[in-house]
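Coordinates in review
What follows is the residue order along each chain.
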Amino acid sequence: SAKQKSINRYEFFNPVMDIEAFKKFSLEKDLRKAIEENHLEVYYQPRVCAKTGRILSAEALVRWNHSEWGMVAPADFIPLAEETGLIAPLSEWVERAVCSQLKSWQEQGISLVPISINVSAHRFLSKNFISTIKKTLEQTQLEGKWLEMEITETSILDNQELVDSTITEIKKLGIKISLDDFGTGYSSLAYLTRFKVDVLKIDKSFIRDVTINQANATVVKTIIHLAHGLGMRVVAEGVETKEQLTFVKQQNCDEVQGYLFSKPIVFEDFLRLLANRIITPVKGSPLMGFEN
Ligand code: C2E
Ligand code: MG
Ligand code: MG
Ligand code: MG
């Protein structure tokens, strides 16, 4: 067609475009292969009790072990996965990997902590999200209470009915819901009263200079207060210093996650870390299984 010809001509005369298009194409091919051939890995970053430092849970963070480039961070391939439709198989891979790792851990007699999984807006709003999760739980024989889903404000902006029913279904499975990167989205706060979110995760951009920037300190204090007022737990993300920890602790923040305690680490290292810390027996809800 004429359009096709003009595209070809444009690409032919524009080497920069051509290289960009090629790079994207080969990256997409590589990612597809990585999913099929298990070149992805799940890293775990502990979430600890702000008061005691006890490990309460962990966040699963995907990594791509690329044969030429080494470990690739999710920021470099999640957007591509979303653009190309690879986000579905990628998410399924992560969900399955986490569930089977949890199961094998349980079978070894190790006392579990819940693991949170990041769910992109695409994934959250896709038709077969719930059915795939159900299938994965069934096949791995894992109880939903060991999972938490981290969604962002963009996931719950539109299509209120779909959001409502998806959240209800997730809850039915015993899975908890957290709002990730809280405070960076554009939505109104009305949804906090509408949807039953269990956990608010304060975005690390607010934590970064919480001890030197009065405005950020106010935002963090207010988010903690808001969350507690609505009966939610609060996690401070990106805690790197003792000063930041002291601040959020003084504000009664429940949990912290950040390099101060641990970077995201491989499963075996996470298990070692768990073994070195006192973890009280889980009573009832796994997230509530500790005393303050
Ligand atoms: P996120 O869910 O907000 O995850 C927290 C990010 O902050 C992680 O980056 C983590 O390594 C980093 N982080 C943790 N503590 C600190 C700290 O003290 N300082 C600093 N500077 N950074 C810290 P990571 O692993 O590169 O992941 C980036 C984002 O990619 C995640 O942000 C999440 O939105 C997305 N992502 C990661 N894994 C998955 C996945 O399996 N599926 C989907 N859909 N998205 C994922
Ligand atoms: Mg997250
Ligand atoms: Mg976050
Ligand atoms: Mg994020």
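Everything in this summary refers to the structure shown in the same document. (Residues numbered from 1 in each chain as written. Chains lettered and ligands numbered in written order. Predicted model: local features only at pLDDT ≥ 70, side-chain atom pairs only at ≥ 80, totals over all residues. Heavy atoms only, no water.)

Concerning the environment of I110
Using the following cut-off: In this description a helix means any DSSP run of H or I spanning at least four residues, a strand means any run of E spanning at least two, and both kinds are numbered starting from the N terminus. Every residue pair with non-hydrogen atoms within 4.5 Å of one another is taken to be in contact.
For I110, the position within the fold is in the loop between helix 4 (87–107) and strand 4 (115–118). Along the chain, I110 and A275 lie 165 residues apart, while their C-alpha atoms are 9.1 Å from each other. With residues near it in sequence (within four places) discarded, I110 still touches W105 and L271.

Overview of the layout of surface pockets
Quick reminder of the rule: Definitions used throughout: a 1 Å grid over protein atoms alone; a cavity as a set of points that fits a 1.4 Å probe which cannot get out; a pocket as an open set with protein on both sides within 12 Å along at least five of seven lines; a lining residue as one with an atom within 4 Å of a point. Grid points are joined across faces, edges and corners, and a volume is the space filled by probe spheres set on the points. All residues other than Ala, Val, Leu, Ile, Met, Phe, Trp, Tyr, Cys, Pro, Asp, Glu, Lys and Arg, Gly among them, are scored as polar; the first ten of these are nonpolar and the last four charged.
Roughly 1000 Å³ of volume is contained in the largest pocket. Lining the largest pocket are 37 residues; nearest its centre among them are E59, L61, P74, N118 and D180. Elements supplying a minimum of two residues to the lining of the largest pocket: strand 2 (55–66), helix 3 (78–84), helix 4, strand 4, helix 5 (121–124) and strand 6 (176–182). For the lining of the largest pocket, the residue count by class is 16 nonpolar, nine polar and 12 charged.

A few points about the coordination of the magnesium ion (ligand 2)
Definition in use: Any N, O or S atom lying within 2.8 Å of the metal counts as a donor, with the limit raised to 3.2 Å for Na, K and Ca; because water is left out of the atom set, some sites can appear incomplete. Only protein chains enter the accessibility calculation, which uses a 1.4 Å probe; a residue is then buried when its area is under 20% of its type maximum, exposed when over 50%, and partly exposed in between.
Taken together, the protein donors to the magnesium ion (ligand 2) comprise E59 (OE), N118 (OD1), E150 (OE) and D180 (OD), at separations of 2.0 to 2.2 Å. Site description for the magnesium ion (ligand 2): donor spacing in sequence, E-x58-N-x31-E-x29-D. Here the magnesium ion (ligand 2) and the magnesium ion (ligand 3) are spaced 4.2 Å apart, and both take D180 as a donor. In this pair, E59 is assigned in strand 2 and N118 in strand 4, connecting sequence segments 59 residues apart. You can call N118 partly exposed: its relative accessible area is 33%.

A short note on the nonpolar core
Stated precisely, the cut-off is as follows: Only buried residues count toward a nonpolar core. Its members are Ala, Val, Leu, Ile, Met, Phe, Trp, Tyr and Cys residues joined through side-chain atoms within 4.5 Å.
V98, W105 and F270 are the most contacted members of the largest nonpolar core, which has 79 residues in total. The greatest single-element share of this core, amounting to nine residues, is contributed by helix 4. Not counting chain neighbours up to four residues away, the residues in contact with V98 comprise V42, Y44, A60, I115, I117 and L147.

A closer look at the pattern of salt bridges
In plain terms, the rule: Salt bridges are counted wherever a side-chain nitrogen of Lys or Arg sits within 4 Å of a carboxyl oxygen of Asp or Glu.
Counted by the stated rule, this structure contains 13 salt bridges. E28 is the salt-bridge partner of R32, the closest N and O atoms lying 3.2 Å from each other. With R32 and E28 both in helix 2 (residues 15–36), this residue pair falls four residues apart, about one helical turn. For the salt bridge of E255 with R47, the shortest nitrogen-to-oxygen distance reads 2.7 Å. In this pair, E255 sits in strand 9 (residues 255–257) while R47 sits in strand 1 (residues 40–49), placing the two residues 208 residues apart along the sequence. Residue classification places E255 among the buried positions, given a relative accessible area of 0%. Here R47 falls in the buried class, since its relative accessible area comes to 0%. Within this structure, R47, E148, R233 and E255 form a network of salt bridges that share partners.

Regarding the site of ligand 1
Stated formally: One heavy atom suffices: a residue is near a molecule or strand as soon as one of its heavy atoms comes within 4 Å of it. Distance and chemistry together define a polar contact, namely a pair of N or O atoms within 3.5 Å, with one atom able to donate a hydrogen and the other to accept it when in protein, and with adjacent residues in sequence counting only for side-chain atoms on both sides. Using the Shrake-Rupley algorithm and a 1.4 Å probe, accessible areas are obtained, with residue cover drawn only from the displayed protein chains. Think of it this way: if more than half of a molecule's atoms are within 2 Å of a pocket's grid points, that molecule is in the pocket or cavity.
By nearness alone, 21 residues border ligand 1, and R63, N118, D180, E240 and Y259 come closest of all. R63 has a polar side-chain atom sitting 2.8 Å from an oxygen atom of ligand 1. Contacts to ligand 1 include E240, whose side-chain N or O atom sits 2.5 Å from a nitrogen atom. In the complex, 82% of the free accessible area of ligand 1, which totals 800 Å², lies under the protein chains. Mapping ligand 1 onto the cavity grids shows that it belongs to the largest pocket. Only strand 2 and strand 6 provide two or more residues apiece to the shell around ligand 1. A total of four residues in the shell around ligand 1 trace back to one element, the largest contributor, which is strand 2. Partitioning the shell around ligand 1 into residue classes produces eight nonpolar, five polar and eight charged.

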